[in-house]
Amino acid sequence: MSWHFLTIDGEVADAIRVASSGQSAAWGSVYVEAGIGETCWCTSVFPNKARQGYLLPIKASVRKAEKLAEGDMITVRITLSKGPSR
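Keep in mind that what you see is a predicted model, and the values were worked out from it rather than measured.

Caption draft 1: Molecular detail of the overall build of the protein chain. Broken down by element type, the protein chain carries two helices and five strands. Ordered by position from N to C terminus, the α and β elements of the protein chain give β-α-β-β-β-α-β. Its C-alpha radius of gyration of 13 Å places the protein chain within 12% of the 12 Å reference for a compact globule of 86 residues. Principal-axis analysis of the C-alpha atoms gives the protein chain an extent of 35 × 30 × 20 Å. Counting over 86 residues, the protein chain shows a buried share of 29%. Partitioning the contacts of the protein chain with sequence separation of at least 6, the portion at a separation of at least 24 is 61%. Only carbon and sulfur atoms are counted for the fraction: they give 53% of the accessible area of the protein chain, which is about 6000 Å². Counting 10 positive and 8 negative side-chain charges, the protein chain places the centres of these two groups 9 Å from one another.

What follows is the structure in structure tokens.
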């Protein structure tokens, strides 16, 4: 299974940009904790210049745990974090 990416744009992308000002990591990425259903994980969102927003990678283990298929409508929770967990 390959990676899938969720596009974050509009007001949510603007809020991430403002809240993470001066705290971005490599390539302008922003550390976040993300959640879909009962599954939570630490990752980064990456700038998407074409949409003036961010891309959230959703790995196969998350899609499998939540029984997601391409094209499903989902709700994602995102919280900015200070960095990768150790």
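Caption draft 2: Fine view of the state of the cysteines. Inspection of every chain in the model, using the stated rule, returns zero disulfides. The closest cysteine sulfur to the non-disulfide-bonded Cys-40 is located on Cys-42, 8.9 Å from its own sulfur.

Caption draft 3: Spatial organisation of the pattern of salt bridges. A complete count under the given rule lists one salt bridge for this structure. Ionic pairing is found between Asp-14 and Arg-17, a salt bridge with its closest N-O pair at 2.9 Å. Taken together, the residues span about one helical turn, with Asp-14 and Arg-17 both in helix α1 (residues 10–19) at a distance of three residues. When its relative accessible area of 40% is taken as the criterion, Asp-14 is described as partly exposed. Overall, the relative accessible area of 34% leaves Arg-17 in the partly exposed class.

Caption draft 4: View of the sheet that holds strand β4 (residues 53–58). The five strands are arranged β1-β4-β3-β2-β5 in an open sheet whose pairing can be described as antiparallel. The outermost strands of the open sheet, each flanked by one partner alone, are β1 (4–8) and β5 (77–80). Taking the axes of each pair of neighbouring strands and ignoring which way they run, one obtains an average angle of 35° across the sheet. Strand direction decides the pairing type here: strand β2 (residues 30–36) and strand β3 (residues 39–48), joined by seven bridges, are antiparallel.

The rules behind the values
- Residues numbered from 1 in each chain as written.
- Predicted model: local features only at pLDDT ≥ 70, side-chain atom pairs only at ≥ 80, totals over all residues.
- Heavy atoms only, no water.
- Helix = DSSP H or I, 4+ residues; strand = E, 2+ residues; numbered from the N terminus.
- Rg over C-alpha atoms; globule rule 2.2 N^0.38 Å.
- Buried < 20%, exposed > 50% of the residue type's maximum accessible area, 1.4 Å probe, protein only.
- Contact = heavy atoms within 4.5 Å.
- Areas by Shrake-Rupley, 256 points an atom, 1.4 Å probe, with all protein chains shown as cover.
- Lys, Arg positive; Asp, Glu negative; His and termini not counted.
- Charge placed at Lys NZ, Arg CZ, Asp CG, Glu CD.
- Disulfide = S-S within 2.5 Å.
- Salt bridge = Lys/Arg side-chain N within 4 Å of Asp/Glu carboxyl O.
- Pairing = 2+ DSSP bridges.
- Axes fitted to C-alpha atoms, helices over the stretch in contact; angles between N-to-C directions.

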